[in-house]
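A structural walkthrough
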Amino acid sequence: MKKKLIAGNWKMNGSLATNESLLRAMLAGVGQATCRVAVAVPSVYLAQCQALLAGSVMELAAQDIAAHEAGAYTGEIAGSMLREFGVRYAIVGHSERRQYHGESDETVAAKAQRALGCGITPIVCVGETLAEREAGKTVEVVKRQLAAVIHANGHCVSEIVVAYEPVWAIGTGKTASPEQAQQVHAVLRAQLRAASANADRIALLYGGSMNPGNAKALLSQPDIDGGLIGGAALKAADFLTIIAAAA
Ligand code: 13P
């Protein structure tokens, strides 16, 4: 059985002081986690967090990656730069980037491709808004978002991680029920199987108000291979409880 992946997304939170105390508390409790564990930190703190996590089971992730290799792209951070700081995963297409930075399915696909080209595993986020869910468009939306990534990445698609994050569940305290999440994960799994003979090795994460109270039920679903955690990843005790639920 493949190991589950629990990834924390700190979003735009933290400081030198709080990062250090948070990571030290997590490292003290994580022990020999039987799942994979990663934290996606703001880019300016990659060096600090790389040093704090050195030699531990916890891996480093970036929250975004440039779609280009290098050059005149003010403000962007290239995959090659992220690699220099030991970055193992990069989130791409988070709904906050799609919403506030106008990232299209094609941009997200290009970012996933750049990540793979640099030896970084993209965590590709897909998910519907509340309006889309209420209009019965959930499957159509997530399949369209994933199709762009499959199209751009061909057989390499078996190297990605996918995170289903219903937009209406992010930061709202409203979680998709385990059954609702599983339904969408099964759709995504079938789409990946149709695209790659190695689809079963792809981790499908759920994200959206995952917390210590609901993690176990979500993580026990057959097609839920881990979690992408926002708010609860900023509290060591909560994050550690979710890691334990994934064991
Ligand atoms: P919350 O866990 O705070 O809902 O955030 C989920 C998320 O967006 C992770 O990327």
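Residues numbered from 1 in each chain as written. Predicted model: local features only at pLDDT ≥ 70, side-chain atom pairs only at ≥ 80, totals over all residues. Heavy atoms only, no water.

The subject of this paragraph is the overall build of the protein chain. Check the secondary structure of the protein chain and you find 10 helices and 8 strands. The globule rule puts the C-alpha radius of gyration for 247 residues at 18 Å, and the 17 Å found for the protein chain is close to it. In terms of principal-axis extent, the alpha carbons of the protein chain reach across some 45 × 45 × 35 Å. Classification of the 247 residues of the protein chain by burial places 51% in the buried group. Intrachain contacts of the protein chain at a sequence separation of at least 6 include 73% that bridge at least 24 residues. (Helix = DSSP H or I, 4+ residues; strand = E, 2+ residues; numbered from the N terminus. Rg over C-alpha atoms; globule rule 2.2 N^0.38 Å. Buried < 20%, exposed > 50% of the residue type's maximum accessible area, 1.4 Å probe, protein only. Contact = heavy atoms within 4.5 Å.)

Now for the layout of surface pockets. The computed volume of the largest pocket comes to approximately 520 Å³. Contributing to the lining of the largest pocket are 20 residues, with Ser43, Gln63, Asp64, Arg97 and His101 lying nearest its centre. Among the elements that take part in the lining of the largest pocket, helix H4 (residues 95-100) stands out by supplying 3 residues, more than any other. The residue makeup of the lining of the largest pocket, split by class, is 9 nonpolar, 6 polar and 5 charged. (1 Å grid on protein atoms, 1.4 Å probe; cavity = no way out; pocket = protein on both sides within 12 Å on 5 of 7 lines; lining within 4 Å. Points joined across faces, edges and corners; volume = space filled by probe spheres on them. Nonpolar A, V, L, I, M, F, W, Y, C, P; charged D, E, K, R; others polar.)

Moving on to helix H2 (residues 46-53). Buried residues of H2: Leu46, Gln48, Cys49, Leu52 and Leu53, and no others. Seen from one end, H2 has its buried residues packed into an arc of 160°, which puts them on one side. Turning to H2, the residues buried within the fold contact helix H1 (16-30), strand S2 (36-40), strand S3 (58-62), helix H3 (79-84) and strand S4 (87-92). Residue Gly55 follows H2 closely and has a positive phi angle near 75°. (Arc of directions from axis to C-beta.)

Moving on to the pairing of strand S5 (residues 121-126). Counted residue by residue, S5 has 6 buried out of 6 residues, so it is predominantly covered. By the alternation rule, side chains of S5 split into Thr121, Ile123 and Cys125 and Pro122, Val124 and Val126, which are all buried. Looking at chain direction, S4 and S5 are connected through 4 bridges and run parallel. Within S5, the residue paired with Ile91 across the bridge is Ile123. Note: S5 against strand S6 (residues 161-164), 4 bridges, orientation parallel. Residue Val126 lies in a different strand from S6, and its bridge partner there is Tyr164. (Pairing = 2+ DSSP bridges.)

Ordered in space as S1-S2-S3-S4-S5-S6-S7-S8, the 8 strands form a closed barrel in which the pairing is parallel. The sheet shows a mean angle of 25° between the axes of neighbouring strands, direction not considered. When strand S1 (residues 5-9) meets S2, the two strands line up parallel, connected through 5 bridges. Within S2, the position partnered with Gly8 by the bridge is Val39. Contacts from H1 reach S2 and S3 within the one sheet, and its direction differs from that of S3 by about 140°. In the packing of helix H8 (residues 178-195) onto the sheet, the strands contacted are S5, S6 and strand S7 (204-207), and the crossing angle to S7 comes to about 150°. (Axes fitted to C-alpha atoms, helices over the stretch in contact; angles between N-to-C directions.)

Let's shift gears to the pattern of salt bridges. In the structure shown here, the tally under the stated rule is 17 salt bridges. For the salt bridge of Glu159 with Arg201, the shortest nitrogen-to-oxygen distance reads 2.8 Å. With Glu159 in the loop between helix H7 (138-153) and S6 and Arg201 in the loop between H8 and S7, the pair connects residues that are 42 residues apart, well separated along the chain. One salt-bridge network, held together by shared partners, links Lys2, Arg189, Asp223 and Asp225. (Salt bridge = Lys/Arg side-chain N within 4 Å of Asp/Glu carboxyl O.)

For the coordinates displayed, the defined rule picks out 1 aromatic pair. Above the ring of Tyr89, the side-chain terminus of Arg88 is found at 4.6 Å from the ring centroid. (Phe/Tyr/Trp six-rings, centres within 6.5 Å; stacked < 30°, edge-to-face > 60°. Lys NZ or Arg CZ within 6 Å of the ring centre and 35° of its normal.)

One can find Thr121 in strand S5. For Thr121, a relative accessible area of 12% translates into the label buried. Polar contacts involving the side chain of Thr121 include one to the side chain of Arg88, which spans 2.8 Å. Here Thr121 is in contact with Arg88, Tyr89, Ala90, Glu159, Ile160 and Val161, once residues within four sequence places are set aside. (Polar contact = N/O pair within 3.5 Å; in protein donor to acceptor, adjacent residues only side chain to side chain.)

This part covers the site of the ligand. Around the ligand sit Asn9, Lys11, His94, Glu165, Ala169, Ile170, Gly171, Gly208, Ser209, Leu228, Gly230 and Gly231, and that is every residue in its neighbourhood. His94 places a polar side-chain atom, nitrogen or oxygen, 2.8 Å from an oxygen atom of the ligand. The contact in question runs from an oxygen atom of the ligand to an N or O atom on the backbone of Ser209, over 2.7 Å. In isolation the ligand offers 310 Å² of accessible surface; the protein chains occlude 94% of this area. When its residues are assigned to classes, the shell around the ligand shows 3 nonpolar, 7 polar and 2 charged. (Near = heavy atom within 4 Å. Areas by Shrake-Rupley, 256 points an atom, 1.4 Å probe, with all protein chains shown as cover.)

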